[in-house]
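Examining the three-dimensional arrangement
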Amino acid sequence: MISNRFDQWRPITEPDAAIAAALEHAHIPALLAALVHLTGDPGLIRGAIRPSAAFFGDPQGGISPAQQAEVRAMALDVLRAYRDGGCARPPAPPPERVHELMSFMVADTLPEPYLEFLQSELALEGEDPYGQPALGAIPRARRADFRVLVIGAGMSGILAAIRLKEAGIPCLVVEKNPDVGGTWFENTYPGCRVDSPNHTYSYSFEPNDWPQHFSDQATLLDYFRRVADKYRIRDMVRFGTEVVAAAFDEGAGTWRVTVRPTDRATGGAEEVLVVNALISAVGQLNRPRLPDIPGRDTFRGAAFHSAQWNHATPLDGKRIAVIGTGASAFQFVPIIAGEAAAVTVFQRTPPWMSPTPDYFNPIPAGKHWLLNHVPYYAKWYRLWMFWRTAEGLLGAVRRDLTWNDQSRSVSARNDDMRRLLTAYMADLCGGDAALLEKCIPDYPVGGKRMLRDDGRYLRSLRRDNVALVTARIAAIEPEGVRTTDGKLHEADVLIYGTGFHADRFLWPMQITGRGGRDLQAHWNGDPRAYLGITIPGFPNLFCCYGPNTNIVVNGSIVFFSECEVRYILGCIALLLDGGHRALDCRPAVHDAFNQSVDAANAEMAWGAPNVQSWYKNERGRVTQNWPFTLLEFWQRTRVPDPADYEFS
Ligand code: NAP
């Protein structure tokens, strides 16, 4: 059922001129790798033309324009011969050649564990690296007798449903919204788009010919809808229904899940569903958080949260107050600034920006052509993107405790980044020193996720109709927002870009585990799980995107979901294989894991004492982030270790 379309490319029929035109858009390292496949000649990657790790931000890895032209000319000859020879599929290279190609692409000799990891991620011949083969060995009837309820039909929920269906395990998905898509269904604010490169922000088994490098919300929602349709997931979803509570029945080893219609006005009654396992795929950022500001309800005009955008409210010619300068406001402020009479942005903490010149650019036709026609090119291009966004920046945000000033930067390398990004922002501020001073964060780079930027946010702040206010908010009044300096900033519309209840995992559902243990009371504001997935005392409850699985500088959250779902299916295989009803994470395993996570988070920029963010709970513990490498998550979630669990 699951197949990787990008190992099937289209035949080349175009004339030389069209091929040459497309090659102008080639990513040279990926092209060279593809040429090795087509020619069988490894000499192509053993010469002087090779990417360099020193040119991290350069999409061509430092390969000079003259060298690029040389590769393009050679590629034209090779592709012409391939076309004229009938586009025969090149033979699969031997494993040692694939390893050499991978080292070439990452501009380094890969340590042994990475060879297996990246080779699996590469899936050159359309393999399915995130499948769970252990389930295939279990008799079909036993699989068919195990029922799973998945909460949420967003990115992770669709994935879980696809994998469970593939494994022949009955699954019901309960979704509070009327459609699939989760965060991409709910967030419709102007300018909403992904900040991970799309060729990595997509399922490994469902690569897409993305129209943009970083697609917008509508494109992403369309992708998830199409995937749900293709794998016939909609029939498995109860839309417009929310999970109110779930209680583990120790006698039966099952979960009793209480659901009800989201729209209470429909009058539908609560219902209890009994399942063997419960998978939470509710995401971390799905319950909008309004700030506790005095007088919030007194505002006379329209007011809404960015994740509940009120498209019926006209902004044209209005005075708009925006609270927050996080990822969401950063995206919608430049757009509303173009139509509003005035925009006042209330900033508590400025964001660091990650210069991304092609953030809004469509992918040019030539690049699409290469991805679709040149054998293996898309595979190597995806690997390049994956690697560049994988472990690359982790080293730059790790704290060097011998570094003097931990408040502004956490290491010499981190300080270099601060200087580079400050220079970038200074350039965009165009000599407006007051604006620059307001916008330079006083916390280290990597303390929070950097925001992808092509310059439009700071340009919008320089507009005559936009004001950036850094005075603290004292109150909201009927006419606008009053700051602590006594000034009233009048507004017709108030938009909260104030984020989500990220630290309240699974809230507001009432989850009751063994011995009547309430999950929120058990966590007491300090959510923890083993690998972010399982929680002692809550058998057969599995989380996707659970505690400590969020990422700041590396990877794509789709990668985490694929690892999590593979692990969860591995747990189900353990249950079915051993004839067990339930598995429960051993507290000692869970505690040791969390100690290592806490120690590692304390070593990262986001764990630095002066950094305040939604990554930390009230006690200052980082409850959200994964502090290790992607490799480590991949390795640890590959196959569950039965010794980590008690079985009943
Ligand atoms: P956010 O990052 O949590 O930002 C909330 C903003 O509101 C912050 O600037 C915060 O200031 C401010 N704020 C909160 N309470 C306030 C108060 N009482 N007074 C003044 N300011 C207040 O929320 P978000 O922008 O919605 O983004 C949430 C997360 O969603 C992001 O971190 C990201 O992971 C994800 N996201 C991703 C994308 C993307 O992929 N492109 C887009 C949007 C969102 P402080 O910083 O001082 O707390």
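Before going further, it helps to spend a moment on the packing of aromatic side chains. One pass over the full model with this rule turns up 33 aromatic pairs. A ring pair is formed by Trp309 and Phe332, whose centres lie 5.0 Å apart and whose planes are at 65°; its orientation type is edge-to-face. Here Trp309, found in the loop between strand S8 (302-305) and strand S9 (319-323), pairs with Phe332, found in helix H10 (residues 327-336); they are 23 residues apart in sequence, far enough to count as distant. For the pair Trp309 and Phe332, one class covers both residues: buried. Measuring from centroid to centroid gives 5.0 Å for Tyr359 and Phe360, while their planes differ by 75°, and the two rings are edge-to-face. For Tyr359, a relative accessible area of 2% corresponds to the buried category. Lying across the ring of Phe360, Arg456 places its NZ or CZ 3.4 Å from the centre. Cation over ring: Arg504 sits above Trp507, and NZ or CZ is 4.0 Å from the ring centre.

Let us look at the site of the ligand. Neighbouring the ligand are 23 residues; Arg193, Ala327, Ser328, Arg348 and Thr349 lie closest to it. Within the side chain of Asp195, one N or O atom sits 3.1 Å away from an oxygen atom of the ligand. Within the side chain of Arg289, a nitrogen or oxygen atom sits 3.4 Å from a nitrogen atom of the ligand. For the ligand, whose free accessible area comes to 910 Å², the fraction covered by protein is 82%. Here the shell around the ligand gets 3 residues from one element, more than from any other, and that element is H10. When grouped by side-chain class, the residues that make up the shell around the ligand number 9 nonpolar, 9 polar and 5 charged. Each of domain 2 (133-287 + 502-585 + 623-642) and domain 3 (296-358 + 404-496) gives at least three residues to the shell around the ligand.

This paragraph deals with the sheet that holds strand S6 (residues 271-275). Strand pairing in a sheet relies on backbone hydrogen bonds, with the paired strands running either antiparallel or parallel. Read from one edge of the open sheet, 4 strands run S6-S5-S4-S18, paired in mixed fashion. The outermost strands of the open sheet, each flanked by one partner alone, are S6 and strand S18 (510-512). Across this sheet, the average inter-strand angle for adjacent strands is 25°, counted without regard to direction. Where strand S5 (residues 254-261) meets S6, 5 bridges bridge the pair, whose relative direction is antiparallel. The residue of S6 that forms the bridge with Thr258 is Val272.

As enumerated under the stated definition, the model contains 34 salt bridges in all. Between Glu100 and Arg46 there is a salt bridge, with the nearest N and O atoms lying 2.7 Å from each other. Separated by 54 residues along the polypeptide, Glu100 in helix H4 (residues 95-106) and Arg46 in the loop between helix H2 (28-39) and helix H3 (65-84) bring together distant segments of the chain. Between Asp492 and Arg319 there is a salt bridge whose closest N-O contact spans 2.8 Å. Placement of the pair is Asp492 in the loop between strand S16 (488-490) and strand S17 (493-496) and Arg319 in strand S9, with a sequence separation of 173 residues. For Arg319, a relative accessible area of 31% translates into the label partly exposed. Taken together, the salt bridges that share partners define one network made up of Asp16, Asp77, Arg80, Arg83 and Asp84.

Okay, the domain arrangement of the protein next. By domain assignment, the protein separates into domain 1 (5-128 + 363-388), domain 2 (133-287 + 502-585 + 623-642) and domain 3 (296-358 + 404-496). Inter-centroid distance (C-alpha atoms) of domain 1 to domain 3 is 40 Å.

Let's shift gears to the nonpolar core. Ranked by size, the top nonpolar core spans 170 residues in total, and within it Tyr203 and Trp380 carry the most contacts. Element by element, the count of residues in this core is highest for helix H17 (residues 557-578), at 14 residues. Among the nonpolar cores identified, the runner-up in size contains 25 residues, and Trp255, Leu278, Leu506 and Trp523 belong to it.

So, about empty space enclosed by the protein. For the structure on display, the rule yields 4 cavities of 30 Å³ or more. Of the pockets and cavities examined, the second largest cavity occupies roughly 60 Å³. Along its surface, the second largest cavity is lined by Glu121, Tyr130, Thr200, Ser202, Ser204, Arg382, Phe386, Ser556, Val558, Phe559 and Glu562. The set of elements that each furnish at least two residues to the lining of the second largest cavity consists of helix H12 (377-388) and H17. Looking at side-chain class alone, the lining of the second largest cavity contains 4 nonpolar, 4 polar and 3 charged residues.

Here the focus is the pairing of strand S10 (residues 342-346). When you tally the buried positions in S10, you get 4 out of 5 residues, the bulk of the element. When S9 meets S10, the two strands line up parallel, connected through 5 bridges. Counted as the bridge partner of Ile320 is Val343 from S10. Each parallel crossover has a hand, and for S9 linked through H10 to S10 it is right-handed. When S10 meets strand S13 (residues 466-469), the two strands line up parallel, connected through 4 bridges. Residue pairing for S13: Val343 is matched across the bridge by Val466.

Let us now look at the side chain of His373. One can find His373 in helix H11 (residues 365-373). By relative accessible area, which is 7% here, His373 ends up buried.

Parameters at a glance
Residues numbered from 1 in each chain as written. Predicted model: local features only at pLDDT ≥ 70, side-chain atom pairs only at ≥ 80, totals over all residues. Heavy atoms only, no water. Phe/Tyr/Trp six-rings, centres within 6.5 Å; stacked < 30°, edge-to-face > 60°. Helix = DSSP H or I, 4+ residues; strand = E, 2+ residues; numbered from the N terminus. Buried < 20%, exposed > 50% of the residue type's maximum accessible area, 1.4 Å probe, protein only. Lys NZ or Arg CZ within 6 Å of the ring centre and 35° of its normal. Near = heavy atom within 4 Å. Polar contact = N/O pair within 3.5 Å; in protein donor to acceptor, adjacent residues only side chain to side chain. Areas by Shrake-Rupley, 256 points an atom, 1.4 Å probe, with all protein chains shown as cover. Nonpolar A, V, L, I, M, F, W, Y, C, P; charged D, E, K, R; others polar. Domains from an automatic or database assignment. Pairing = 2+ DSSP bridges. Axes fitted to C-alpha atoms, helices over the stretch in contact; angles between N-to-C directions. Salt bridge = Lys/Arg side-chain N within 4 Å of Asp/Glu carboxyl O. Core = buried A, V, L, I, M, F, W, Y, C linked by side-chain atoms within 4.5 Å. 1 Å grid on protein atoms, 1.4 Å probe; cavity = no way out; pocket = protein on both sides within 12 Å on 5 of 7 lines; lining within 4 Å. Points joined across faces, edges and corners; volume = space filled by probe spheres on them. Right-handed = clockwise from strand over helix to strand, strands pointing away.

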